[in-house]
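Breakdown of the fold
Listed here are the chains, written in short residue letters.
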Amino acid sequence: MHTIRIAEANDRDLLAALHLLLWPECSFEEEKLAIDALISTGMSGTLPAAVFVAEAEDGRIIGFLEVGLRSHADGCDPAQPVGFVEGWFVLEASRNQGVGRALMRAAENWARQRGAIEMASDSWITQEDSHRAHEALGFEVVDRCVHFRKSL
Ligand SMILES: CC(C)(COP(=O)(O)OP(=O)(O)OC[C@H]1O[C@@H](n2cnc3c(N)ncnc32)[C@H](O)[C@@H]1OP(=O)(O)O)[C@@H](O)C(=O)NCCC(=O)NCCS
């Protein structure tokens, strides 16, 4: 059993710890600052954003989904703002019990209420579990991308 709610300021440290499980290259201190800013302003940069958390019956946070509006996303209609899944994570012990689906439903409602008619997301090419979960929730693959760089 779990409930989905918007993250509050005092969720910050637990959320930052979950961020590090999803993005191990990040710094705990920087994540705390970014979460504080998002929760207090409801914005990411110049666009609306929100974090939903899944709370277990005992009050533990077992997952989160960070959603924002983007002006465009690959494969989506550029004439409309798009709801974008910036981060989606459920603790391993709580997976495959509908928590991720419930978080996504809350994020989609949030985006719909702000005028979005499409939802977009991305994932590393090797994260096949994430691809399967997206597809199970109605997402379709629109592109596969490899990024390059070189020093000048
Ligand atoms: C992706 C993730 C958030 C899904 O959370 P979850 O709580 O396990 O998701 P749910 O239990 O609500 O499952 C949602 C749907 O996806 C499907 N699904 C989830 N994981 C799956 C997997 N590994 N393989 C196949 N299908 C999967 C479920 O079967 C379900 O579909 P159904 O309702 O039709 O059966 C979770 O697996 C996770 O945190 N993964 C690591 C981080 C990650 O990859 N994040 C996404 C990229 S940002």
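In this convention, every chain numbers its residues from 1, walking through the sequence in written order. Where totals are concerned, whole chains, interfaces and linings use all residues; where local detail is concerned, this predicted model gives features only for residues with pLDDT of at least 70, and gives and counts side-chain atom pairs only at 80 or more. With hydrogens and water stripped out, all remaining heavy atoms of the structure feed into the side-chain values.

1. Thoughts on the overall build of the protein
Helical segments are the DSSP runs of H or I of at least four residues, strand segments are the runs of E of at least two, and each set is numbered from the N terminus. A count of helices and strands for the protein gives four helices and six strands. Ordering the α and β elements of the protein from the N terminus gives β-α-α-β-β-β-β-α-β-α. Each radius of gyration is computed over the set of C-alpha atoms, and the globule rule expresses the reference value as 2.2 Å times the number of residues to the power 0.38. Taken over C-alpha atoms, the radius of gyration comes to 15 Å for the protein, in line with the 15 Å a tight globule of 152 residues would show. With respect to the three principal axes, the spread of C-alpha positions in the protein is 45 × 40 × 30 Å. Burial here depends on accessible area, computed with a 1.4 Å probe over protein chains only, as a share of the maximum for the residue type. Under 20% is buried, over 50% is exposed, and the range in between is partly exposed. Here the protein holds 152 residues, and 36% of them are scored as buried. In what follows, residue pairs with any heavy atoms lying within 4.5 Å of each other are defined as contacts. Taking the contacts inside the protein whose residues are at least 6 apart along the sequence as the reference set, 56% of them involve residues at least 24 apart. Taken as a whole, the protein presents about 9,600 Å² of accessible surface, with 52% of it coming from carbon and sulfur. In these tables, accessible area is a Shrake-Rupley quantity obtained with a 1.4 Å probe, and a residue counts as shielded only by the protein chains included in the view.

2. Re the pattern of salt bridges
Throughout this description, the term salt bridge denotes a Lys or Arg side-chain nitrogen within 4 Å of a carboxyl oxygen of Asp or Glu. Counted under the stated rule, the structure contains eight salt bridges. Of the charged contacts, one joins Lys32 and Glu29 as a salt bridge, the two residues approaching to 3.5 Å between their closest N and O atoms. In this pair, Lys32 and Glu29 are both assigned in helix H2 (residues 28-41), three residues apart and thus about one turn of the helix distant. Sharing partners across several salt bridges, the network here consists of Arg5, Asp11 and Glu55.

3. A few points about the site of the ligand
Proximity is defined per residue: any heavy atom of the residue falling within 4 Å of a molecule or strand makes that residue near it. Near the ligand you find 18 residues, and of these Trp88, Val90, Asn96, Gly100 and Arg101 are the closest. Throughout this description, a polar contact denotes any pair of N or O atoms lying within 3.5 Å of each other; where both atoms belong to protein, one of them has to be capable of donating a hydrogen while the other can accept it, and for residues adjacent in sequence the pair is counted only when both atoms sit in side chains. Interatomic distance of 3.2 Å between a backbone N/O atom of Gln97 and an oxygen atom of the ligand. For the ligand, the protein covers 74% of the area, taking 910 Å² as the surface of the free molecule. Among the elements of the structure, strand E5 (82-90), helix H3 (99-113) and helix H4 (128-136) are those that each provide at least two residues to the shell around the ligand.

4. Some points on the side chain of His131
You can see His131 is positioned in helix H4. Setting aside residues no more than four positions away along its own chain, His131 makes contact with Ser123, Trp124, Ile125 and Arg144.

5. A look at the packing of aromatic side chains
We describe a pair of aromatic rings using the distance from one ring centre to the other and the angle between the two ring planes. When the centres of two rings from Phe, Tyr and Trp lie within 6.5 Å, Trp using its six-membered ring, the rings pair. Their planes under 30 degrees apart give stacked, over 60 give edge-to-face, and anything left gives tilted. Applying the stated criterion to the full structure yields two aromatic pairs. An angle of 35 degrees between the planes, with centres 6.4 Å apart, marks the rings of Phe64 and Phe89 as tilted. Of this pair, Phe64 sits in strand E4 (residues 61-70) while Phe89 sits in strand E5; the two residues are 25 residues apart in sequence, bridging distant segments of the chain. Owing to a relative accessible area of 0%, Phe64 belongs among the buried residues under this scheme. Three or more aromatic residues joined by ring pairs form one cluster here, namely Trp23, Phe64 and Phe89. Whether a charge sits over a ring depends on NZ of Lys or CZ of Arg being within 6 Å of the ring centre and within 35 degrees of the ring normal. The positively charged end of Arg70 is found above the aromatic ring belonging to Phe84, 3.6 Å away from the centroid.

6. As for the state of the cysteines
Note on terminology: disulfide denotes any pair of cysteine sulfur atoms within 2.5 Å. Summed over all chains, the structure comprises zero disulfides. Cys145 supplies the cysteine sulfur nearest to Cys26, a cysteine that is in no disulfide, at a spacing of 20 Å. The thiol of Cys145 is unpaired, and the distance to the nearest cysteine sulfur, on Cys76, comes to 15 Å. Accessibility expressed as a relative area gives 49% for Cys145, which makes it partly exposed.

So yeah, pure geometry; function would need other evidence.
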